[in-house]
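Spelled out, the chains give:
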Amino acid sequence: MPLELHPLPAEEFHSWMARSTAEYVSDLVAAGSSQHKAQEDADRAMTRAFPTGLPSCTNAVFTLEHGIFGDVGYVWIGHDTSGDPASWWVWYIVVDPGHRGKGFGRQAMNLAEEYARAHGARTLGLNVFGFNQSARGLYESLGYETTSIKMRKSL
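I will try to describe carefully the structure that is included in this document.

Definitions and cut-offs
Residues numbered from 1 in each chain as written. Predicted model: local features only at pLDDT ≥ 70, side-chain atom pairs only at ≥ 80, totals over all residues. Heavy atoms only, no water. Core = buried A, V, L, I, M, F, W, Y, C linked by side-chain atoms within 4.5 Å. Buried < 20%, exposed > 50% of the residue type's maximum accessible area, 1.4 Å probe, protein only. Helix = DSSP H or I, 4+ residues; strand = E, 2+ residues; numbered from the N terminus. Contact = heavy atoms within 4.5 Å. Pairing = 2+ DSSP bridges. Salt bridge = Lys/Arg side-chain N within 4 Å of Asp/Glu carboxyl O.

## Quick word on the nonpolar core
Next up, step 1: Core analysis: the biggest nonpolar cluster contains 25 residues, and Ile77, Val90 and Tyr139 have the highest contact counts within it.
Next up, step 2: Among the secondary structure elements, those contributing two or more residues to this core are strand E2 (59-66), strand E3 (70-79), strand E4 (87-95), helix H3 (104-118), strand E5 (123-126) and helix H4 (133-141).
Next up, step 3: For this core, the element with the most residues is H3, which contributes seven residues.
Next up, step 4: In this structure, Tyr139 is in contact with Ile93, Met109, Leu126, Val128 and Tyr144, ignoring residues within four places of it in sequence.

## A look at the pairing of E2
Next up, step 1: Counting buried positions along E2 yields seven of eight residues, so the element is predominantly enclosed.
Next up, step 2: Sheet topology note: the E2/E3 ladder contains eight bridges and is antiparallel. Pairing of His66 across the sheet is with Gly70, part of E3.

## Re the pattern of salt bridges
Next up, step 1: Tallied over the full model, the rule gives five salt bridges.
Next up, step 2: Here Asp41 and Lys37 are joined by a salt bridge, their closest N and O atoms 2.9 Å apart. Of this pair, Asp41 and Lys37 both sit in helix H2 (residues 35-49), four residues apart, which is roughly one turn of that helix.
Next up, step 3: Among the residues examined, Asp41 registers a relative accessible area of 18% and is labelled buried.

In C-alpha coordinates:
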(Lines give C-alpha, C1' and ligand atoms only; values in the text may rest on other atoms or scores of the structure.)
Protein backbone atom coordinates (compact mmCIF):
# COMPACT_ATOMS: atom_id res chain seq x y z
CA MET A 1 0.00 0.00 0.00
CA PRO A 2 1.53 3.35 -1.04
CA LEU A 3 2.21 6.36 1.13
CA GLU A 4 0.32 9.61 0.75
CA LEU A 5 1.40 13.12 1.69
CA HIS A 6 -1.07 14.88 3.97
CA PRO A 7 -0.51 18.54 4.86
CA LEU A 8 0.33 18.81 8.53
CA PRO A 9 -2.74 20.26 10.29
CA ALA A 10 -2.17 23.81 11.55
CA GLU A 11 -2.99 22.79 15.12
CA GLU A 12 -0.11 20.27 15.04
CA PHE A 13 2.45 22.62 13.53
CA HIS A 14 3.91 24.03 16.76
CA SER A 15 4.48 20.57 18.25
CA TRP A 16 6.00 19.43 14.94
CA MET A 17 8.29 22.47 14.95
CA ALA A 18 9.45 21.72 18.50
CA ARG A 19 10.09 18.06 17.62
CA SER A 20 11.91 18.77 14.36
CA THR A 21 13.97 21.57 15.91
CA ALA A 22 15.08 19.22 18.71
CA GLU A 23 15.94 16.50 16.16
CA TYR A 24 17.91 18.98 14.04
CA VAL A 25 19.81 20.24 17.09
CA SER A 26 20.66 16.64 17.99
CA ASP A 27 21.92 15.97 14.45
CA LEU A 28 24.01 19.16 14.45
CA VAL A 29 25.57 18.22 17.80
CA ALA A 30 26.30 14.71 16.50
CA ALA A 31 27.99 16.34 13.50
CA GLY A 32 30.23 18.42 15.78
CA SER A 33 28.41 21.65 16.68
CA SER A 34 28.18 22.87 20.23
CA GLN A 35 24.74 22.62 21.83
CA HIS A 36 24.45 26.43 21.94
CA LYS A 37 25.46 26.94 18.27
CA ALA A 38 23.22 24.07 17.13
CA GLN A 39 20.22 25.59 18.93
CA GLU A 40 20.91 29.03 17.43
CA ASP A 41 21.25 27.58 13.92
CA ALA A 42 18.09 25.50 14.24
CA ASP A 43 16.05 28.41 15.60
CA ARG A 44 17.30 30.71 12.83
CA ALA A 45 16.42 28.12 10.15
CA MET A 46 12.89 27.69 11.48
CA THR A 47 12.28 31.44 11.71
CA ARG A 48 13.52 31.95 8.15
CA ALA A 49 11.43 29.09 6.77
CA PHE A 50 8.22 29.84 8.65
CA PRO A 51 8.09 33.61 9.23
CA THR A 52 4.32 33.51 9.79
CA GLY A 53 4.60 30.57 12.16
CA LEU A 54 2.90 28.22 9.68
CA PRO A 55 3.85 26.27 6.55
CA SER A 56 3.11 27.55 3.03
CA CYS A 57 3.00 25.97 -0.42
CA THR A 58 6.67 26.93 -0.90
CA ASN A 59 7.71 25.61 2.53
CA ALA A 60 5.36 22.70 3.13
CA VAL A 61 5.26 20.09 5.87
CA PHE A 62 3.49 16.79 5.28
CA THR A 63 2.80 13.72 7.34
CA LEU A 64 3.60 10.45 5.61
CA GLU A 65 0.38 8.49 5.78
CA HIS A 66 0.07 4.76 5.15
CA GLY A 67 -3.32 3.07 4.89
CA ILE A 68 -2.47 0.35 7.43
CA PHE A 69 0.21 1.88 9.64
CA GLY A 70 -1.17 5.44 9.73
CA ASP A 71 1.32 8.27 10.26
CA VAL A 72 4.84 6.88 9.70
CA GLY A 73 6.82 10.12 9.60
CA TYR A 74 7.00 13.50 7.92
CA VAL A 75 8.72 15.50 5.21
CA TRP A 76 9.43 19.23 5.00
CA ILE A 77 10.05 20.48 1.46
CA GLY A 78 10.39 23.96 0.04
CA HIS A 79 12.43 26.50 -1.85
CA ASP A 80 16.15 26.36 -1.22
CA THR A 81 18.03 29.48 -0.08
CA SER A 82 19.45 30.42 -3.51
CA GLY A 83 16.55 32.69 -4.46
CA ASP A 84 15.89 30.60 -7.57
CA PRO A 85 12.20 29.55 -7.43
CA ALA A 86 13.03 26.46 -9.52
CA SER A 87 15.52 25.18 -6.93
CA TRP A 88 13.86 23.24 -4.14
CA TRP A 89 15.15 21.41 -1.08
CA VAL A 90 14.09 18.55 1.13
CA TRP A 91 14.74 20.29 4.43
CA TYR A 92 13.91 17.37 6.65
CA ILE A 93 12.55 13.89 6.21
CA VAL A 94 11.91 11.40 8.98
CA VAL A 95 10.51 7.90 8.90
CA ASP A 96 9.77 6.91 12.47
CA PRO A 97 12.14 4.21 13.78
CA GLY A 98 9.48 1.49 13.98
CA HIS A 99 8.67 1.94 10.28
CA ARG A 100 12.15 2.07 8.79
CA GLY A 101 13.33 -0.53 6.29
CA LYS A 102 9.89 -0.89 4.66
CA GLY A 103 10.47 1.37 1.65
CA PHE A 104 8.69 4.40 3.13
CA GLY A 105 11.73 6.66 2.76
CA ARG A 106 11.95 5.87 -0.95
CA GLN A 107 8.21 6.46 -1.42
CA ALA A 108 8.40 9.71 0.56
CA MET A 109 11.26 11.01 -1.59
CA ASN A 110 9.35 10.16 -4.77
CA LEU A 111 6.31 12.02 -3.44
CA ALA A 112 8.49 14.99 -2.47
CA GLU A 113 9.88 15.08 -6.01
CA GLU A 114 6.36 15.03 -7.46
CA TYR A 115 5.27 17.87 -5.16
CA ALA A 116 8.31 20.00 -6.00
CA ARG A 117 7.94 19.36 -9.74
CA ALA A 118 4.24 20.31 -9.60
CA HIS A 119 5.26 23.61 -7.95
CA GLY A 120 7.84 24.57 -10.57
CA ALA A 121 11.00 22.88 -9.30
CA ARG A 122 13.67 21.88 -11.79
CA THR A 123 16.10 20.68 -9.12
CA LEU A 124 15.69 19.12 -5.69
CA GLY A 125 18.54 19.05 -3.21
CA LEU A 126 19.06 17.85 0.32
CA ASN A 127 21.69 17.51 3.01
CA VAL A 128 22.61 14.20 4.55
CA PHE A 129 24.79 14.00 7.63
CA GLY A 130 27.90 11.89 7.17
CA PHE A 131 26.91 9.55 10.00
CA ASN A 132 23.62 8.63 8.25
CA GLN A 133 24.90 5.95 5.87
CA SER A 134 21.50 4.35 5.23
CA ALA A 135 19.98 7.66 4.11
CA ARG A 136 22.97 8.39 1.90
CA GLY A 137 22.57 5.01 0.20
CA LEU A 138 18.88 5.68 -0.37
CA TYR A 139 19.50 9.10 -1.92
CA GLU A 140 22.26 7.77 -4.17
CA SER A 141 19.97 4.94 -5.35
CA LEU A 142 17.36 7.58 -6.27
CA GLY A 143 19.86 9.44 -8.45
CA TYR A 144 21.02 12.19 -6.09
CA GLU A 145 24.62 13.20 -6.67
CA THR A 146 27.11 14.48 -4.13
CA THR A 147 27.67 18.19 -4.71
CA SER A 148 29.94 18.96 -1.74
CA ILE A 149 31.62 17.17 1.12
CA LYS A 150 32.46 18.77 4.45
CA MET A 151 35.13 16.94 6.43
CA ARG A 152 36.46 17.24 9.97
CA LYS A 153 38.95 15.56 12.26
CA SER A 154 38.79 15.61 16.05
CA LEU A 155 42.06 16.68 17.63
